[in-house]
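# Observations on the three-dimensional arrangement
The chain contents come next:
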Amino acid sequence: MKKTSAITLGILTLLIFSCQEKSFQNKENQLAEKQEMLFPKGEKVPNDKFTGTVYQSILSDEGTRVSNVTFEPNGRTNWHNHPGGQTLLVTDGVGYHQEEGKPVQKIKKGDIIKIGKNVKHWHGGTDVESMTHIAVSIDHEKNPSQWFEAVSDEEFKNEISKK
Ligand code: MN
């Protein structure tokens, strides 16, 4: 009997500790998410203009569009252009940007990328890292972005292998 009680007590103690540990970790995760997420992550976007898992939250949409975009690893835009031009402010992670006819460029937190009017390009995460940027699409309301073909897995792998 005594032995059984000791075992039961032991199991209970373990359970209590593991629950406390879990709850502590959950709180830590919530805190980290709050600290890291400066702007809302938004909703997962459909794959008609993107490949992979991409989240977008439109922060402002009068005249110029300002949106917070998060690309999970392998997530990327299709090829597209912005008639008014676009500035990307990378707020987290590491990713890629490529203008048509130019080598792919690795971009990271703190980088500012200026994309000229009507320049065909794509942007996204790397194959292993996610990337978040604020996209400022100038004069988007009157001159919305034009969307083209997807960056295929083969094209993506081929381009990033050159980095
Ligand atoms: Mn763009």
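The shown structure was predicted, so the numbers you read here are calculated from the model rather than taken from an experiment.

## Points about the overall build of the protein
A count of helical and extended segments in the protein gives two helices and twelve strands. Sequence-ordered secondary structure for the protein, helices as α and strands as β, is α-β-β-β-β-β-β-β-β-β-β-β-β-α. The buried share among the 163 residues of the protein stands at 34%. Partitioning the intrachain contacts of the protein with sequence separation of at least 6 by distance along the chain shows that 68% fall at a separation of at least 24. For the protein, the computed accessible surface area is about 10,300 Å², with 55% contributed by carbon and sulfur atoms.

## Some remarks on the side chain of histidine 123
The topology assignment puts histidine 123 in strand S10 (residues 121-125). Polar side-chain contacts of histidine 123 include one of 3.2 Å to the side chain of glutamine 86. Among the polar contacts made by the side chain of histidine 123, one reaches the side chain of histidine 121 at a distance of 3.2 Å. Discounting residues that sit within four places of it in the chain, histidine 123 has contacts with Phe71, Arg76, Thr77, His80, His82, Gln86, Leu88, Tyr96, His97 and His133.

## Looking at the coordination of the manganese ion
For a metal bound by four donors in a tetrahedral arrangement, the ideal donor-metal-donor angle is 109.5 degrees, while six donors in an octahedral arrangement ideally sit at 90 or 180 degrees. Protein coordination of the manganese ion is provided by His80 (NE2), His82 (NE2), Gln86 (OE1), His121 (NE2) and His123 (NE2), with donor distances spanning 2.1 to 2.2 Å. Note on histidine 121: relative accessible area 0%, which makes it buried.

## Regarding the pairing of S10
Within S10, five of the five residues are buried, leaving the element largely enclosed by the surrounding structure. Two strands pair when backbone bridges link them, and strand S7 (residues 86-99) and S10 are joined in this way by five bridges, in the antiparallel orientation. Paired with tyrosine 96 across the strands is glycine 124, a residue of S10.

## Quick word on the pairing of S7
Looking along a regular strand, one sees the side chains alternate between the two faces of the sheet. Of the strand pairs in this sheet, S7 and strand S9 (residues 112-115) are connected by four bridges, and their pairing is antiparallel. For threonine 87, the partnering residue across the bridge sits in S9 and is lysine 114. Across seven bridges, the pairing between S7 and strand S11 (residues 131-137) is antiparallel. Along S11, the bridge assignment pairs leucine 88 with alanine 135. Here S7 pairs with strand S8 (residues 105-108) via four bridges, running antiparallel. Following the sheet pairing, tyrosine 96 is matched in S8 by lysine 106. Between the end of S7 and the start of S8, which pair antiparallel, lie five residues, with glycine 101 showing a positive phi angle near 85 degrees.

## Some words on the pattern of salt bridges
The tally for this structure, following the rule as stated, stands at seven salt bridges. Put simply, glutamate 100 and lysine 120 hold a salt bridge, and the shortest N to O gap is 3.6 Å. On the criterion of sequence distance, the pair formed by glutamate 100 in the loop between S7 and S8 and lysine 120 in the loop between S9 and S10 is long-range, its members being 20 residues apart. Within this structure, Glu100, Lys120 and Glu149 form a network of salt bridges that share partners.

## Remarks on the packing of aromatic side chains
For the structure on display, the rule yields three aromatic pairs. Joined through ring pairs, the aromatic side chains of Tyr96, Trp122 and Phe156 make up one cluster. Directly above the aromatic system of tyrosine 55 lies the positively charged group of lysine 41, at a separation of 4.4 Å from the ring centroid. When the ring centre of phenylalanine 156 is taken as reference, the NZ or CZ atom of arginine 76 above it lies at 4.4 Å.

## Description of unusual backbone geometry
For asparagine 74, which is not glycine, the phi dihedral falls at a positive 75 degrees. Its location among the elements puts asparagine 74 in the loop between strand S4 (65-71) and strand S5 (76-77). Unlike most non-glycine residues, asparagine 118 shows phi in positive territory, near 60 degrees. Residue placement: asparagine 118 occurs in the loop between S9 and S10.

Thresholds, definitions, all that
- Residues numbered from 1 in each chain as written.
- Predicted model: local features only at pLDDT ≥ 70, side-chain atom pairs only at ≥ 80, totals over all residues.
- Heavy atoms only, no water.
- Helix = DSSP H or I, 4+ residues; strand = E, 2+ residues; numbered from the N terminus.
- Buried < 20%, exposed > 50% of the residue type's maximum accessible area, 1.4 Å probe, protein only.
- Contact = heavy atoms within 4.5 Å.
- Areas by Shrake-Rupley, 256 points an atom, 1.4 Å probe, with all protein chains shown as cover.
- Polar contact = N/O pair within 3.5 Å; in protein donor to acceptor, adjacent residues only side chain to side chain.
- Donors = N, O, S within 2.8 Å, 3.2 Å for Na, K, Ca; no water.
- Pairing = 2+ DSSP bridges.
- Salt bridge = Lys/Arg side-chain N within 4 Å of Asp/Glu carboxyl O.
- Phe/Tyr/Trp six-rings, centres within 6.5 Å; stacked < 30°, edge-to-face > 60°.
- Lys NZ or Arg CZ within 6 Å of the ring centre and 35° of its normal.

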